[in-house]
Amino acid sequence: EPEVTQTPSHQVTQMGQEVILRCVPISNHLYFYWYRQILGQKVEFLVSFYNNEISEKSEIFDDQFSVERPDGSNFTLKIRSTKLEDSAMYFCASRGGITGELFFGEGSRLTVL
Amino acid sequence: TQLLEQSPQFLSIQEGENLTVYCNSSSVFSSLQWYRQEPGEGPVLLVTVVTGGEVKKLKRLTFQFGDARKDSSLHITAAQPGDTGLYLCAGVKTTDSWGKLQFGAGTQVVVTP
């Protein structure tokens, strides 16, 4: 069964460092998302991406965050200068059609020290 | 305040008992999804409901979408230890783009043998 894959599964970084989280969405999907879940809190929307541009972003997704689809398969989330409060589980998700269902990856745990 | 309120937050029952989890809001949703999330993993989609009053069954799980599309319930019949997990409801507001999910905080279900 097709699935969304994410790497790394866990990354530990120092505050102020740049981090790139990678995702390979399901191959024929067109819409891509990043969500995050701070430990003990609910899953929150960060950004949606379609047709090589951001469709929508939340207040959390400030100038420190960026997304890119550098080739036909990868979808990345970059945090330019990490803060302690960026520590969270980051989930990539994708969907096929306009009203298709969202499929989530297993997540990348980011720990900022 | 949470957009989607899930209740109860925690539910512990014996194998064979029935349980119901509720997801309530004052907002109207285009669709509502139920996910199950295991520790350290991404949410896994169980069902999507889109029509007011809709009822969907998935083996021993019954999902209902309220007539006004503001609330939903998940009912598990004859619960088994394998049903243990965090159940999340997530909805797309009618004013939001499809794929921008608002998540509830989740209901932790524990089924003991």
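Here the residue numbering is sequential within each chain, running from 1 through the sequence in written order. Here the convention is simple: chains get letters from A, ligands get numbers from 1, in the order in which they are written. With pLDDT at 70 or above as the cut-off, local features in this predicted model cover only qualifying residues; side-chain atom pairs require 80 or more to be listed or tallied, and sums for whole chains, interfaces and linings still use all residues. Hydrogens and waters are ignored; side-chain quantities use all the structure's heavy atoms.

### Overview of a negative patch on the surface
Thinking step 1. Taken together, Glu-1, Glu-3 and Glu-106 of chain A together with Glu-41 of chain B make up a surface patch of like negative charges.
Thinking step 2. Labels follow the DSSP assignment, with helices taken as runs of H or I lasting at least four residues and strands as runs of E lasting at least two, numbered in each case from the N terminus. In this structure, Glu-3 of chain A sits in the segment before β1 (5-7). In this scheme, patches are assembled from residues that exceed 30% relative accessible area and form no salt bridge. Like charges are connected within 9 Å, while nonpolar side chains (Val, Leu, Ile, Met, Phe, Trp, Tyr) are connected within 5 Å. Per-residue and other accessible areas were derived by the Shrake-Rupley procedure at a 1.4 Å probe size, with only the shown protein chains allowed to occlude residues. The term salt bridge refers to a pairing of a side-chain nitrogen on Lys or Arg with a carboxyl oxygen on Asp or Glu at a separation within 4 Å. Counted charges follow a simple rule, with Lys and Arg positive, Asp and Glu negative, and His plus the chain ends left uncounted. Every charge is mapped onto a representative atom, which is NZ of Lys, CZ of Arg, CG of Asp or CD of Glu.

### Digging into the pattern of salt bridges
Thinking step 1. Enumeration according to the criterion identifies 5 salt bridges over all chains in this entry.
Thinking step 2. The salt bridge partner of Glu-56 of chain A is Lys-100 of chain B, with a shortest N-O separation of 3.0 Å. With Glu-56 of chain A in strand β6 (residues 53-57) and Lys-100 of chain B in the loop between β9 (85-93) and β10 (102-103), this pair bridges two chains.
Thinking step 3. Burial here depends on accessible area, computed with a 1.4 Å probe over protein chains only, as a share of the maximum for the residue type. Under 20% is buried, over 50% is exposed, and the range in between is partly exposed. Taking the relative accessible area as the measure of exposure, Glu-56 of chain A reaches 21% and is therefore partly exposed.

### Regarding the sheet that holds strand β7 (residues 65-68) of chain A
All names here are of chain A.
Thinking step 1. Strand pairing is defined by DSSP finding a minimum of two bridges between the two strands. Sheet architecture is open: 4 strands sit in the order β1-β3-β8-β7, paired in antiparallel fashion. Each having just a single partner strand, β1 and β7 make up the two edges of the open sheet. Each adjacent strand pair in this sheet contributes to an overall mean axis angle of 20°, direction not counted.
Thinking step 2. Where β7 and strand β8 (residues 75-79) come together, 4 bridges link them in antiparallel fashion. If you follow Glu-68 over to β8, its bridge partner there is Thr-76. Fitted lines through C-alpha atoms serve as axes, helices being fitted only where they are in contact, and the angles separating the N-to-C directions of these axes extend from 0 to 180 degrees.

### Comments concerning the environment of Ser-66 of chain A
Residues and elements named next belong to chain A.
Thinking step 1. Summarising the element assignment, Ser-66 is placed in strand β7.
Thinking step 2. Along the sequence, Ser-66 and Phe-103 sit 37 residues apart, while their C-alpha atoms lie 21 Å from each other.
Thinking step 3. In this view, Ser-66 contacts Phe-61, Thr-76, Leu-77 and Lys-78; residues no more than four positions away in its chain are not counted. Residue contacts are counted whenever heavy atoms from the two residues lie within 4.5 Å of one another.

### Examining the nonpolar core
Residues and elements named next belong to chain A.
Thinking step 1. Take the buried Ala, Val, Leu, Ile, Met, Phe, Trp, Tyr and Cys residues and link them wherever side-chain atoms come within 4.5 Å; each set so joined is a nonpolar core. Counting residues in hydrophobic clusters, the biggest one holds 22 residues, and the most contacted among them are Trp-34, Leu-46, Phe-61, Val-67, Phe-75, Leu-77 and Tyr-90.
Thinking step 2. At the level of elements, β3 (19-24), β4 (31-37), β5 (43-50), β7, β8, β9 (88-95) and β11 (108-112) are the ones that each hand at least two residues to this core.
Thinking step 3. Apart from the residues lying within four places of it in its own chain, the contact partners of Val-67 are Trp-34, Val-47, Phe-49, Ile-54, Phe-61, Phe-75, Thr-76 and Leu-77.

### Notes on the sheet that holds strand β6 (residues 55-58) of chain B
Residue and element names in this part refer to chain B.
Thinking step 1. Taken together, 5 strands build an open sheet; the order of strands is β1-β3-β8-β7-β6 and the sheet is antiparallel. Edge positions in the open sheet fall to β1 (5-7) and β6, since each of these has one partner strand only. Across the sheet, the mean angle from the axis of one strand to that of its neighbour is 15°, orientation sign disregarded.
Thinking step 2. Sheet analysis places β1 next to strand β3 (residues 19-24), joined by 3 bridges and oriented antiparallel. The residue bridging Glu-5 from the neighbouring strand is Asn-24, located in β3.

### A word on unusual backbone geometry
Thinking step 1. Following Thr-7 of chain A, the chain continues to Pro-8 of chain A via a peptide bond in cis, the omega torsion being -10°.
Thinking step 2. Inspection of the secondary structure assignment puts Pro-8 of chain A in the loop between β1 and β2 (10-13).
Thinking step 3. For the peptide bond that leads from Ser-7 of chain B to Pro-8 of chain B, omega is -10°, which places it in the cis range.
Thinking step 4. One non-glycine residue, Asn-51 of chain A, lies in the positive phi region at around 55°.
Thinking step 5. Along the chain, Asn-51 of chain A turns up in the loop between β5 and β6.
Thinking step 6. One non-glycine residue, Asn-52 of chain A, lies in positive phi territory at about 65°.
Thinking step 7. By relative accessible area, which is 58% here, Asn-52 of chain A ends up exposed.

### Here we look at the environment of Lys-59 of chain B
Residue and element names in this part refer to chain B.
Thinking step 1. You can see Lys-59 is positioned in the loop between β6 and β7 (61-65).
Thinking step 2. Accessibility expressed as a relative area gives 84% for Lys-59, which makes it exposed.
Thinking step 3. Residues Lys-59 and Glu-15, spaced 44 residues apart in sequence, show a C-alpha to C-alpha distance of 16 Å.

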